[in-house]
Amino acid sequence: MLPPSETKREGGDTSRTLDLRALSFPELADERAAVITAARFVSSEESSARTALKLGPKSVTERLRNLELDTSGTLPAIERYTGVLYDALAVRDADASTTSWWEEHVIVQSAMFGPIGAGDLIPAYRLSHDSRLGTVRLASHWPAVSTQALRARVDGLVLDLRSEGYRQLGPVADAVAPRVVSVDGDGRRRALNHWNKTAKGRLLALLGRTGAAIDTMDDLVGWAAEHGVVVERSDSGWDLVAESLAPVAV
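A brief structural summary. None of these values were measured; they are calculated from a predicted model.

Reading the values: the criteria
Residues numbered from 1 in each chain as written. Predicted model: local features only at pLDDT ≥ 70, side-chain atom pairs only at ≥ 80, totals over all residues. Heavy atoms only, no water. Buried < 20%, exposed > 50% of the residue type's maximum accessible area, 1.4 Å probe, protein only. Helix = DSSP H or I, 4+ residues; strand = E, 2+ residues; numbered from the N terminus. Arc of directions from axis to C-beta. Contact = heavy atoms within 4.5 Å. Pairing = 2+ DSSP bridges. Axes fitted to C-alpha atoms, helices over the stretch in contact; angles between N-to-C directions. Phe/Tyr/Trp six-rings, centres within 6.5 Å; stacked < 30°, edge-to-face > 60°. Core = buried A, V, L, I, M, F, W, Y, C linked by side-chain atoms within 4.5 Å. Salt bridge = Lys/Arg side-chain N within 4 Å of Asp/Glu carboxyl O.

**Looking at helix α7 (residues 143–153)**
Along an α-helix, a turn takes 3.6 residues, which lines up residues three or four apart on a common side.
Part 1 of the argument: Along α7, the residues that are buried comprise Pro143, Ser146, Thr147, Ala149 and Leu150. The arc enclosing the buried residues of α7, seen along the axis, measures out at 165°, which places them on a common side. What points out from α7, more than 90 degrees from its buried face, is the exposed set Ala144, Gln148, Arg151 and Ala152.
Part 2 of the argument: Contacts from the buried residues of α7 go to β2 (107–110), β3 (114–117) and α6 (138–141).

Structure, rendered in structure tokens:
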């Protein structure tokens, strides 16, 4: 499971506009429609959009995306999102088998659409997990329905690479959320903040490009060892050592 990204690639296929029931977890169509309606309302005026969507002078025009959700072009979710984690995937250089693996295994927790598949076609939008949409509170709107939908469809190991804010929008019991760490010359470990996104992106890139077949943490640890990636138990759960993840060759 991945977080979305605040930054998004523009454009898309204008012949295939947003279809809420064509997205993964179609049972969430009504909840998605409610968020879209609320986002459209707060985005209709610049002043309300600045507050609700936390927009600055340079980003205030992004509110207009929310007014065009029904008519703007779409891209697969894994192509729509940009930023550090998604840049590390090098999605546009991936071959068909890698893309197919991502589409089968990856779920993104969107503030606008709830959980969606990597291959789901979505437009560009502006909304974050902590956006304020009047009577629609994302923190109470999404968790129960997202968790129910995920529980009904997801089996086996769930590797949760979401940030805390997006994890709260769709809690998954027993999911494994590895801590990304850096190891210094003395073997001391420290958790990473910004660079943890790069490590997560590189991990997912390698999983996809190797067509990994993983059902348990033992499978993941074994796969990691084969590819020089360090995934180990720690006092806090599981650690992913960032230095063991080099950029994936494309």
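Picking up where we left off.
**Focus: the side chain of serine 43**
Part 1 of the argument: By the element assignment, serine 43 lies in helix α1 (residues 29–43).
Part 2 of the argument: A relative accessible area of 0% places serine 43 in the buried class.
Part 3 of the argument: In this structure, serine 43 is in contact with Ala49, Leu53, Arg63, Asn66 and Leu67, ignoring residues within four places of it in sequence.

**So, the sheet that holds strand β6 (residues 189–191)**
Part 1 of the argument: With mixed pairing, the 4 strands of this open sheet are ordered in space as β6-β5-β8-β7. Every interior strand has two partners, whereas the edge strands, β6 and β7 (231–234), have only one. Recorded for the sheet is a direction-independent mean angle of 45° between the axes of neighbouring strands.

**Quick look at the environment of glutamate 103**
Part 1 of the argument: With respect to the helices and strands, glutamate 103 occurs in helix α5 (residues 96–105).
Part 2 of the argument: With relative accessibility at 44%, the residue glutamate 103 sits in the partly exposed group.
Part 3 of the argument: Spatially, the C-alpha atoms of glutamate 103 and glycine 208 are 9.6 Å apart, while their sequence positions differ by 105 residues.
Part 4 of the argument: Those residues in contact with glutamate 103 that lie beyond four places of it in its chain are Ala118 and Gly119.

**Some details on the pairing of strand β5 (residues 179–183)**
It is a general feature of regular strands that their side chains alternate between the two faces of the sheet.
Part 1 of the argument: Summarising the sheet, β5 and strand β8 (residues 237–241) pair through 3 bridges and their orientation is parallel. Bridging across to β8, valine 181 finds its partner in valine 241.
Part 2 of the argument: Bridge count for β5 against β6 is 3 bridges, and the pairing is antiparallel. Along β6, the bridge assignment pairs valine 183 with arginine 189.
Part 3 of the argument: Counting the residues between successive antiparallel strands, the hairpin from β5 to β6 contains 5 residues, one of them, glycine 187, with a positive phi of roughly 85°.

**Some words on the packing of aromatic side chains**
Part 1 of the argument: Throughout the structure, instances matching the rule amount to 3 aromatic pairs.
Part 2 of the argument: Residues tyrosine 81 and tyrosine 86 carry aromatic rings whose centres are separated by 5.4 Å and whose planes lie at 40° to one another, so their mutual orientation is tilted. As far as burial versus exposure is concerned, tyrosine 81 and tyrosine 86 are alike and both buried.
Part 3 of the argument: Measuring from ring centre to ring centre gives 6.4 Å for tyrosine 81 and tyrosine 125, while their planes differ by 90°; the resulting arrangement is edge-to-face. Within this pair, whereas tyrosine 81 is found in the loop between α3 (77–80) and α4 (84–89), its partner tyrosine 125 is found in the loop between β4 (121–122) and α6, the two being separated by 44 residues in sequence.

**Regarding helix α10 (residues 217–226)**
Part 1 of the argument: By the burial criterion, the buried members of α10 are Met217, Leu220, Trp223 and Ala224. Seen from one end, α10 has its buried residues packed into an arc of 120°, which puts them on one side. With respect to the buried face of α10, the exposed residues turned more than 90 degrees away are Asp218, Ala225 and Glu226.
Part 2 of the argument: In this structure, the buried residues of α10 make contact with α9 (194–209), β7 and β8.
Part 3 of the argument: Phi turns positive, to about 75°, at glycine 228, one or two residues after α10.

**Focus: the environment of threonine 82**
Part 1 of the argument: Structurally, threonine 82 is set in the loop between α3 and α4.
Part 2 of the argument: Separated by 97 residues in sequence, threonine 82 and arginine 179 have C-alpha atoms that sit 22 Å apart.
Part 3 of the argument: Threonine 82 has contacts with Ser5, Thr7, Lys8, Arg9 and Asp87, leaving out every residue within four places of it along the chain.

**Here's the deal with the nonpolar core**
Part 1 of the argument: Residues Trp102, Met112, Phe113, Leu127 and Leu133 are the most contacted members of the largest nonpolar core, which totals 71 residues.
Part 2 of the argument: Excluding its chain neighbours within four sequence positions, the residues that come into contact with leucine 127 are Val35, Leu53, Ala111, Met112, Leu133, Leu138 and Tyr166.

**A word on the pattern of salt bridges**
Part 1 of the argument: One pass over the full model with this rule turns up 12 salt bridges.
Part 2 of the argument: For the salt bridge of arginine 167 with glutamate 164, the shortest nitrogen-to-oxygen distance reads 3.1 Å. Here arginine 167 pairs with glutamate 164, and both are found in helix α8 (residues 164–167), just 3 residues apart, close to one helical turn.
Part 3 of the argument: The class of arginine 167 is partly exposed, set by a relative accessible area of 24%.
Part 4 of the argument: Classification of glutamate 164 as partly exposed rests on a relative accessible area of 43%.
Part 5 of the argument: Among the ionic pairs, arginine 179 bridges to aspartate 239, the shortest N-O distance being 3.0 Å. Of the two residues, arginine 179 sits in strand β5 while aspartate 239 sits in strand β8, which places them 60 residues apart along the sequence.

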